[in-house]
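# Secondary and tertiary structure notes
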Amino acid sequence: MKILNVVGARPNFMKIGPIIDAIRVRSHGGEGIEQFLVHTGQHYDRQLSALFFEQLGIPAPDVNLEVGSGSHAVQTAEIMTRFETVCLEQKPSHVLVVGDVNSTIACALVAAKLGIRVVHVEAGLRSFDRTMPEEINRILTDAIADELFTTEQSANENLRREGIPDSKVHFVGNVMIDSLLRHRRKAEESSILKDLGLTGGNHGITPYGVLTLHRAATVDDPDRFREILEAVLEVSKGLPIVFPVHPRTKSRIAAFGFHGDFRWAQLSAGTPTENARGIIAVEPLGYLDFLRLMSSARVVLTDSGGIQEETTILDIPCVTLRESTERPVTVEQGTNVLAGIRKRDILTHVQAQLERPRTARRSAPPLWDGKAAERIVDQLIKSVRE
Ligand code: UD1
């Protein structure tokens, strides 16, 4: 068995890390699995890519396709053209893709047409909103995948409804949570709270919230972005909000003239405690700093998918700034609420989340136990033997 693992964008890295480890352990155990890592280069900034490889202990990619940014068509086509050459040279038995980014569908499509088995990790999630590019990527990748690994029960039902045979679908849990559980202790050593001026005397922590925004649907329209910003500015009068800014969002802030609504902090300079107020904008954070930041937040406001899952395990109130979620288990069993993007709704949900009593710890969603990657590799070995 030769598995060609694919990564391209930030949320892929924490998903592939545990899979690479599990393959390595099984091949040392005598299973003779070869693996090869391809980075498409969809994300190329150090803060969005190299830093994650270092912090997550992922080996350097064997090949970087260096496709960079572009329109969806250009980016997807570039990945396909360059990835086909790699497949022809490497002759893998399996191509393993994760998540729902453009690199996921591009590489899955190339592999399927070359007759290579396509493995999709985090299959079956559906927002039922086809205006999201990720939703198109998910539906198409699942339609051509040979083995589909799911994180929650809703995904199994979605795949069944789309006519994908149960024999191809394996409910294994969540590899992103494998990474979180593995790196949680290490993240405690991060100095991010101190760097942001959020630690007081006697190791006390100044209460704060966290904001992330990067989706086209949230930040590309100035009116929608403005309305969300108005809500967050209101919240930030009583609770400082730390906002690591994604490059797409940064360019929109500049284009729409919103720059003055934030206090831009230089992390290296350190910010005195008394200044921790308003919305504190910082560069995108590495994995360990962001994990530390989420872990002590009073509330997290986000349009991300993965953060809804991570806050569920960390037991931190999450307010999702979207109309839909492809991860309903985070609402049913976790700490997440869907607030939409209207100012009044956001404020109501943030208030309710801040007032929510912190009762006994909830149990994690089924199989979010740190062992999803091992289950995936065991299943791949099993299906090759069958
Ligand atoms: C991509 C994924 C999204 C994921 C997100 C995580 C798709 C369709 N979208 O969105 O699902 O949640 O990654 O971050 O695959 N840029 C940089 N440096 C980089 C990468 C991008 O400055 O290293 C800028 C470029 O101006 C680029 C823009 O960010 O045009 C958007 O990048 P792109 O990869 O197209 O999509 P994301 O918005 O990052």
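Residues numbered from 1 in each chain as written. Predicted model: local features only at pLDDT ≥ 70, side-chain atom pairs only at ≥ 80, totals over all residues. Heavy atoms only, no water.

Let us look at the domain arrangement of the chain. By the assigned domains, the chain splits into domain 1 (2-174 + 368-385) and domain 2 (191-360). Each of domain 1 and domain 2 was reduced to a C-alpha centroid, and the two centroids are 28 Å apart. Taken together, the contacts link 23 residues of domain 1 with 19 residues of domain 2. For the pairing of domain 1 and domain 2, the buried interface totals around 1,800 Å² over both sides, and the portion due to carbon and sulfur atoms is 57%. Sorting the residues of domain 1 by area buried against domain 2 places Gln55, Glu152 and Trp368 first, and these three jointly supply 29% of that buried surface. The interface formed by domain 1 and domain 2 contains three salt bridges. (Domains from an automatic or database assignment. Contact = heavy atoms within 4.5 Å. Buried area = accessible area lost by both parts, 1.4 Å probe. Salt bridge = Lys/Arg side-chain N within 4 Å of Asp/Glu carboxyl O.)

Spatially, the seven strands line up as an open sheet ordered 3-2-1-4-5-6-7, and their pairing is parallel. Each edge of the open sheet carries a strand with a single partner, namely strand 3 (63-64) and strand 7 (169-171). Against the sheet, helix 1 (residues 10-31) contacts strand 1 (2-7), strand 2 (34-39), strand 4 (94-98) and strand 5 (117-121), and its axis sits at roughly 160° relative to strand 1. (Pairing = 2+ DSSP bridges. Helix = DSSP H or I, 4+ residues; strand = E, 2+ residues; numbered from the N terminus. Axes fitted to C-alpha atoms, helices over the stretch in contact; angles between N-to-C directions.)

With that out of the way, let us pick up the sheet that holds strand 14 (residues 336-338). Spatial strand order, 10-11-9-8-12-13-14: seven strands in an open sheet with parallel pairing. Strand pairing shows two members of the sheet lacking a second neighbour, strand 10 (263-264) and strand 14, which therefore form its edges. Where strand 9 (residues 241-244) meets strand 11 (residues 279-282), four bridges bridge the pair, whose relative direction is parallel. If you follow Phe243 over to strand 11, its bridge partner there is Ala281. In this fold helix 10 (residues 222-235) packs onto strand 8 (209-212), strand 9, strand 11 and strand 12 (299-302), with an angle of close to 115° to the strand it touches most, strand 11.

On to the nonpolar core. Core analysis: the largest hydrophobic core is formed by 59 residues, its most contacted members being Ile19, Leu96, Val121 and Leu293. If you tally residues by element for this core, the top one is helix 1, at seven residues. Counting contributing residues, this core receives three or more from each of domain 1 (2-174 + 368-385) and domain 2 (191-360). Non-local contacts of Ile19, meaning those with residues more than four positions away in its chain, are made with Asn5, Leu96, Val98, Val121, Val175, Ala373, Ile376 and Val377. Among the nonpolar cores identified, the runner-up in size contains 26 residues, and Val245, Ile253, Ile346 and Val350 belong to it. (Core = buried A, V, L, I, M, F, W, Y, C linked by side-chain atoms within 4.5 Å. Buried < 20%, exposed > 50% of the residue type's maximum accessible area, 1.4 Å probe, protein only.)

Looking now at the site of the ligand. Close to the ligand lie 18 residues; His43, Tyr44, Asn102, Glu134 and His214 are nearest. Between Asn102 and the ligand, the recorded distance is 2.8 Å, taken from a backbone N or O atom to an oxygen atom. One of the side-chain N or O atoms of Glu134 is found 2.7 Å from an oxygen atom in the ligand. Starting from 740 Å² of accessible surface for the ligand in isolation, the protein chains cover 84%. (Near = heavy atom within 4 Å. Polar contact = N/O pair within 3.5 Å; in protein donor to acceptor, adjacent residues only side chain to side chain. Areas by Shrake-Rupley, 256 points an atom, 1.4 Å probe, with all protein chains shown as cover.)

Turning next to unusual backbone geometry. Look at Glu122: it is not a glycine, yet its phi comes out positive at around 80°. With a phi angle near 70°, Leu367 is a residue other than glycine that sits in the positive phi range. Tracing the sequence through the fold places Leu367 in the loop between helix 15 (343-355) and helix 16 (372-385).

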